[in-house]
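Observations on chain architecture
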Amino acid sequence: MVVELVSVGTEILMGNIVNTNAAYLAEQCTALGLLCYYQTTVGDNEKRLLETVQTAMKRADLVILSGGLGPTKDDITKEVCAKACGRKLVMDGASRVAIEKYFEKMGKEPTENNWKQAQVPEKSIVLPNPNGTAPGLIIEDEATLILLPGPPNELIPMFQNSVLPYLQGKQEAVMISQTVKLVGVGESSVATAIDDLFDGQSNPTIATYAKTGEVHLRVTAKAEDEKKARKLLKPMVKELKERFNEHIYTTDNDVSLEQSLVELLVNNQLTVSTVESCTGGLLAGRLINVSGVSEVFKMGHITYSNKAKRKIIGVKRSTLEKYGAVSEQVARQMAKGCCMLAKSDVAVSVTGIAGPEGGTEQKPVGLVYIGCCIKGKTRTKKYQFTGNRRKIRESAVAAALVLMRECILEYIAEMAFGDKK
């Protein structure tokens, strides 16, 4: 089937919000084996939205629209789609009850315009929305229209719980994807290493995706049922494991690098702390996003000034004066000092120049030093990142997580070797 994505909202056109919904939906549709040739963003204008929907219905089997299902007058997606399909709007009793219960749970009274959200095109399939007041809709016409709410915390659960099963039921074949996630190796090196696997690939297929500090390999297989598709995946995933070995941190689609790290810490009964300068708490934030991290995370420090580095973490004044705050020596003392202060098994430090000001010829913007101390043994690494301030900070956090993983794995290997001796 051919799918077209339509994102509705003037705020997207004006750049007020980033359109993460389109990226999510495109990825999901690709995993389902749907062909996507067009993505459109259109504002809250009835004439232009109607033209967009009518055009999409002519060139696609399936049109997924996100946004414009709210209670205000400029939320017109449902009304325009009903018009495009020649359907009347009718009150849906179940949706009205769901809206009443939602407001009751919030301790609020619904306003009159909220009942607008309970109106649906006749003969449509209503998708429940436990996370908001706007139900989703499926309108089966010359092309099938799927209407989803704009907020990602409503759209994503609705897609997973209602739309995905619906689309899987329409597919003659099942497509299953498994992602092999790598760190410590660049995209070009990965592509070279699997060049022979690309030649003549048909089923399963491999696709590479570069993430900040990571490379993901998505293996996709197509078969008449899920069991057969997964059977096709296994040999290819096994081959990738043999080729990339320790660079692979997971083959689970839903596991992030920080999740795998927390699991590694928990399984090996290791505690961790962080001390950050240029990343300003982003590293600690990535770890703390993981459920269950309280078992291993002891404390995080933001020592942005030299005084904070000295007074809190114990970096020597002489070291700062001789080498500067952005140096291998300071990163080392930060990691060691954090370990001692927190009494943690592992400590990771980050110090650098995020820019856009502050760089020199000797120490340019993007220069970052990262340290990792584990059980008294400290390793530091120098990095030179590019991009704007945000990109440099995100790259530094990703690199810190990767270095932390490498050090923990080295420690585990050393302990295992020591036990054998």
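To keep things clear, this report deals only with the structure shown in the data block. (Residues numbered from 1 in each chain as written. Predicted model: local features only at pLDDT ≥ 70, side-chain atom pairs only at ≥ 80, totals over all residues. Heavy atoms only, no water.)

1. Let's talk about the pairing of strand β15 (residues 346-352)
Heads up, the condition is: Remark: exposure states derive from per-residue accessible area (1.4 Å probe, protein chains only) relative to the maximum for the residue type, with buried under 20%, exposed over 50%, and partly exposed in between. Strands here are runs of E lasting at least two residues and helices are runs of H or I lasting at least four, both read from the DSSP assignment and numbered beginning at the N terminus. Two strands qualify as a pair provided DSSP detects at least 2 bridges between them.
Of all the seven residues making up β15, seven are buried; the element is thus mostly covered by neighbouring parts of the structure. Residues V346, V348, V350 and G352 point to one face of β15 and A347, S349 and T351 to the other, with burial holding for every one of them. Looking at chain direction, strand β13 (residues 272-276) and β15 are connected through five bridges and run parallel. By the bridge assignment for β15, V272 is matched with V346.

2. Here we look at the side chain of H301
With respect to the helices and strands, H301 occurs in strand β14 (residues 297-302). Look at H301 and you get buried, because its relative accessible area is 14%.

3. Observations regarding the pattern of salt bridges
Keep this limit in mind: Salt bridge, as used here: a side-chain nitrogen of Lys or Arg that lies within 4 Å of a carboxyl oxygen of Asp or Glu.
As enumerated under the stated definition, the model contains 17 salt bridges in all. Linking E258 and R286 is a salt bridge whose minimum nitrogen-to-oxygen distance equals 2.8 Å. Of the two residues, E258 sits in helix α10 (residues 257-267) while R286 sits in helix α11 (residues 282-288), which places them 28 residues apart along the sequence. By relative accessible area, E258 is classed as buried at 10%. Assessed through its relative accessible area of 23%, R286 is described here as partly exposed.

4. Focus on helix α9 (residues 226-244)
Owing to its 3.6 residues per turn, the α-helix aligns residues three or four sequence positions apart on the same side. Note the following rule: Given the number of residues in a helix, its expected span is that number minus one, multiplied by 1.5 Å. Working rule for contacts: check all heavy atoms of both residues, and any pair within 4.5 Å makes them a contact.
Counted at 1.5 Å a residue, the expected span for α9 with its 19 residues is 27 Å, and the 26 Å between its end C-alpha atoms agrees. Among all positions of α9, only A229, L233, M236, V237, L240 and F244 are buried. Summarising the contacts, the buried residues of α9 are in contact with β9 (174-183), α7 (187-193), α8 (195-198), β10 (205-211), β11 (214-223) and β12 (248-250).

5. Examining the packing of helix α3 (residues 46-59) against helix α4 (residues 77-84)
Test applied: Only the contacting stretch of a helix is used when fitting its axis, a line to C-alpha atoms as for every element, and angles between N-to-C directions run 0 to 180 degrees. Between 65 and 115 degrees an angle is taken as roughly perpendicular, under 35 as roughly parallel, over 145 as roughly antiparallel, and anywhere else as oblique. In a left-handed crossing the near helix is turned counterclockwise from the far helix by less than a right angle, and in a right-handed crossing that turn is clockwise. Charged residues are taken to be Asp, Glu, Lys and Arg, nonpolar residues to be Ala, Val, Leu, Ile, Met, Phe, Trp, Tyr, Cys and Pro, and polar residues to be all remaining types, Gly included.
It is the contact of α3 with α4, at a shortest axis distance of 9 Å, that shows an interaxial angle of 50 degrees. It follows from the interaxial angle that α3 and α4 lie oblique. For α3 against α4, the interelement crossing comes out right-handed. The residues of α4 that touch α3, namely those facing E46, L49, L50, V53, Q54 and M57, are T77, V80, C81, K83 and A84. Here the contact of α3 with α4 is built from residues that sort into seven nonpolar, two polar and two charged.

6. Regarding the sheet that holds β10
The four strands are arranged β10-β11-β9-β12 in an open sheet whose pairing can be described as antiparallel. Across the chains shown, the open sheet's two edge strands, defined by having one partner strand only, are β10 and β12. Strand-to-strand twist in this sheet, taken as the mean axis angle between neighbours without regard to direction, amounts to 30 degrees. Looking at chain direction, β9 and β11 are connected through ten bridges and run antiparallel. Residue pairing in the sheet places V183 in a bridge with E214 of β11.

7. Considering the packing of helix α2 (residues 20-31) against helix α6 (residues 152-170)
Two elements in contact, α2 and α6, have axes whose closest approach is 11 Å; the angle formed by their N-to-C orientations is 15 degrees. By the angle between their directions, the pair α2 and α6 is classed as roughly parallel. The chirality of how α2 crosses α6 is right-handed. Seen from α2, the contacting residues are T20, N21, Y24, L25 and Q28; seen from α6, they are P152, L155, I156, F159 and Q160. The residue inventory of the contact of α2 with α6, partitioned by class, reads six nonpolar, four polar and no charged.

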